[in-house]
Amino acid sequence: MPIHLFEILYVLLNRTDLTPAARLSLVARFYVFLFKAKFKLLPKDEIPFAGLKFSHRSLSNLKMMLKDTYFFGEYRLSPAADPTFIIDCGGNIGVTVMFFKSRYPKAKVLVFEPAEKNYAVLKQNIEQNHLEGVEAVRVALCDHAGEMSFWDNVQSPTSSTGIPTWAEGKDKYVESRVPAAKLSSYIDRPVDVLKLDIEGGEGLVLEDLDASGKLKEVNEIVMEYHADKTNAQNKLSKIIEILERNGFAVVPYGMVLARAAQDHVWKKPVYHYMLNAKNTARYGTTRAV
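Computed from a prediction, not measured in an experiment: that's the story for all the values here. Per chain, residue numbering runs from 1 following the sequence as it is written. Residues qualify for local features only when their pLDDT is at least 70, as the model is predicted, and side-chain atom pairs are given and counted only at 80 or more; totals for whole chains, interfaces and linings, by contrast, use all residues. As a rule here, side-chain values cover all heavy atoms of the structure and leave hydrogens and water aside.

A.B. asks: Give me the environment of Ile163: which residues, what numbers.
C.D. replies: Where helices and strands are cited, they refer to DSSP runs of H or I of at least four residues and of E of at least two residues respectively, numbered from the N terminus. As for its position among the elements, Ile163 is in the loop between strand 7 (146-153) and helix 6 (164-167). Ile163 sits in the buried class, given a relative accessible area of 11%. Between the C-alpha atom of Ile163 and that of Trp151, which follows or precedes it by 12 residues, the distance is 7.9 Å. Any two residues having at least one pair of non-hydrogen atoms within 4.5 Å are treated as being in contact. Those residues in contact with Ile163 that lie beyond four places of it in its chain are Trp151, Glu199, Gly200, Gly201 and Asn231. The classification of residues rests on relative accessible area computed with a 1.4 Å probe and restricted to protein chains. Under 20% of the type maximum is buried, over 50% is exposed, and intermediate values are partly exposed.

Put into C-alpha cells, the structure is as follows:
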C-alpha cells in the first residue's frame, strides 16, 4: 500500500505535462486497469488502455510498460518538443510507439526491435491500432553490420538483451542469431527524438553516432541507462562524455531513479534509470520530414 500511495503522489505532483484533472483521470483509469488485471477481468489479447488495443507476450510485462510509459510518463518529452521524426530503439511490443503516436500523431516513427516474438507483437499492435507513419525494422543496433547473438528472455520479454553476461547460466534466456546494424546507417535527416532502451547496448549506439557525426543531427534523447559492472562498453562516464562533447545537456530523472537511491540497489549487479539529453545547439529548431 505505501508503494502505491507513493506512486500516486508522484503522478499527482510531478506529471506537470498534464492538467490536474488529467492527472486525477490517469490515476483512476490506471488503477481500474490494475483492478481488472488482478481479478482477470481483462481480455486475453487486445487489452484496451488509453483508447488503444495492446497485444502482448506477458501481462505482467505489459502492466510494467504501461506504468512506466503512460502512468509515470518516463518517455515524455520536453514541453517545447513538437517532433516530426522519432527513432525508437528497443521498441519491444510497441508501447512507446503508441505513446508517441498518441501524443504526436503527425510524427514519423522509425522503430527497431530484434527479438522475433517481440517484433511480431509490435507489428500486430501497429496494425490493429491503424498507426500511420510507423516503420518497424527487425534489427539489433550495435557497432557493426551483419549478425549478432541475442538472448530472448521468455519469462520477462522486456529484459531481452544482446549483452552475453546478462544471460550466462540463466535458463530463462533463449539465444538466437539476429540481424545487426549501426544506427548511423539509418540516419539521413535530422532526428527530433531518439529513444534508447536496448538493455545495456546504449553505449555502443552512442559511440557509433559520435564516430559517424550523426549524433549532431539529434535534438533530444530519452534513454534508459543500464548500469552493469560486467558490461565495460556501457560506462556512464563514457556516455556522458560523448553527449556533452556533442553539445548535449544531460539530466537524470524518473521514478526508477528514486528507487535506485534505496540501499537495495547497491546489492544488485544490474540496475537502470532514465537520462534526458538535449542538444543545446539545435533544440527548438523546426524540423521537416
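So that's the structure; there's more coming.
A.B. asks: Go over the packing of helix 3 (residues 59-71) against helix 4 (residues 95-103), please, and point to the residues and values.
C.D. replies: A fitted line through C-alpha atoms represents every axis, and for helices the fit uses only the stretch in contact; the resulting angles, taken between N-to-C directions, go from 0 to 180 degrees. At a minimum axis separation of 10 Å, helix 3 and helix 4 run at an interaxial angle of 35 degrees. As helix 3 runs across helix 4, the sense of the crossing is right-handed. Contacts between helix 3 and helix 4 involve Leu62, Met65, Leu66, Thr69 and Tyr70 on the former and, on the latter, Val95, Thr96, Met98, Phe99 and Ser102. Just so you know the grouping, Ala, Val, Leu, Ile, Met, Phe, Trp, Tyr, Cys and Pro go in nonpolar, Asp, Glu, Lys and Arg go in charged, and all remaining residues, Gly too, go in polar. Split by residue class, the contact of helix 3 with helix 4 holds 7 nonpolar, 3 polar and no charged. If you view the pair so one helix is near and one far, a crossing is left-handed when the near helix is turned anticlockwise from the far one by less than a right angle, and right-handed when it is turned clockwise.

A.B. asks: Give a description of the packing of aromatic side chains that names residues and reports values.
C.D. replies: Any pair of aromatic rings gets described here by the distance separating the centres and the angle formed by the planes. Any two rings among Phe, Tyr and Trp, with Trp reduced to its six-membered ring, count as a pair given centres within 6.5 Å; such a pair is stacked if its planes are under 30 degrees apart, edge-to-face if over 60, and tilted if neither. Scanning the model with the defined rule gives 15 aromatic pairs in all. Ring geometry for Phe30 against Phe71: centres 4.6 Å apart, planes inclined by 25 degrees, an arrangement best described as stacked. Remark: Phe71 occurs in helix 3 and Phe30 occurs in helix 2 (residues 20-38); sequence separation between them is 41 residues. Seen from the ring of Phe85, Arg189 lies directly overhead, with NZ or CZ sitting 3.8 Å from the centre. The rule for a charge over a ring is simple: NZ of Lys or CZ of Arg within 6 Å of the ring centre, and within 35 degrees of the ring normal. Sitting over the face of the ring of Tyr75, Lys195 holds its NZ or CZ atom 5.3 Å from the ring centroid.

A.B. asks: Could you give me a rundown of the pairing of strand 8 (residues 173-181), with the residues and numbers involved?
C.D. replies: Here a strand pair is declared whenever DSSP counts at least two bridges between the two strands. When strand 6 (residues 140-141) meets strand 8, the two strands line up parallel, connected through 2 bridges. Residue pairing across strands places Leu141 opposite Ala181, the latter belonging to strand 8. Note: strand 7 against strand 8, 8 bridges, orientation antiparallel. Residue pairing across strands places Trp151 opposite Glu175, the latter belonging to strand 8.

A.B. asks: Go over the packing of helix 7 (residues 202-212) against helix 8 (residues 236-245) with me, naming the residues and quoting the values.
C.D. replies: Running from N to C, helix 7 and helix 8 cross one another at 30 degrees; their axes reach a closest spacing of 10 Å. Between helix 7 and helix 8, the interaxial angle falls into the category roughly parallel. Relative to helix 8, helix 7 is oriented so that their crossing is left-handed. Two secondary-structure elements touch here, helix 7 through Glu202, Gly203, Leu206, Glu207 and Asp210 and helix 8 through Lys238, Ile239, Ile242, Leu243 and Arg245. Here the residues of the contact of helix 7 with helix 8 are counted per class, giving 4 nonpolar, 1 polar and 5 charged. Note on angle classes: values under 35 degrees are labelled roughly parallel, values over 145 roughly antiparallel, values of 65 to 115 roughly perpendicular, and the remainder oblique.

A.B. asks: Can you tell me about empty space enclosed by the protein, naming the residues and giving the values?
C.D. replies: Grid points spaced at 1 Å and placed over the protein atoms alone form the basis of the search, with a cavity being a set where a 1.4 Å probe fits but cannot get out and a pocket an open set showing protein on both sides within 12 Å along at least five of seven lines. Lining residues have an atom within 4 Å of a point. Grid points are joined across faces, edges and corners, and a volume is the space filled by probe spheres set on the points. Going through the model one piece at a time under the given rule, you end up with 1 cavity of 30 Å³ or more. Volume-wise, the largest cavity comes out at about 40 Å³. Taken together, His56, Arg57, Ser58, Asn61, Leu62, Met65, Asn92, Ile93, Asn118, Pro157 and Thr158 form the lining of the largest cavity. Residue contributions to the lining of the largest cavity peak at 3 residues, all from helix 3. Tallied by class, the residues present in the lining of the largest cavity amount to 4 nonpolar, 6 polar and 1 charged.

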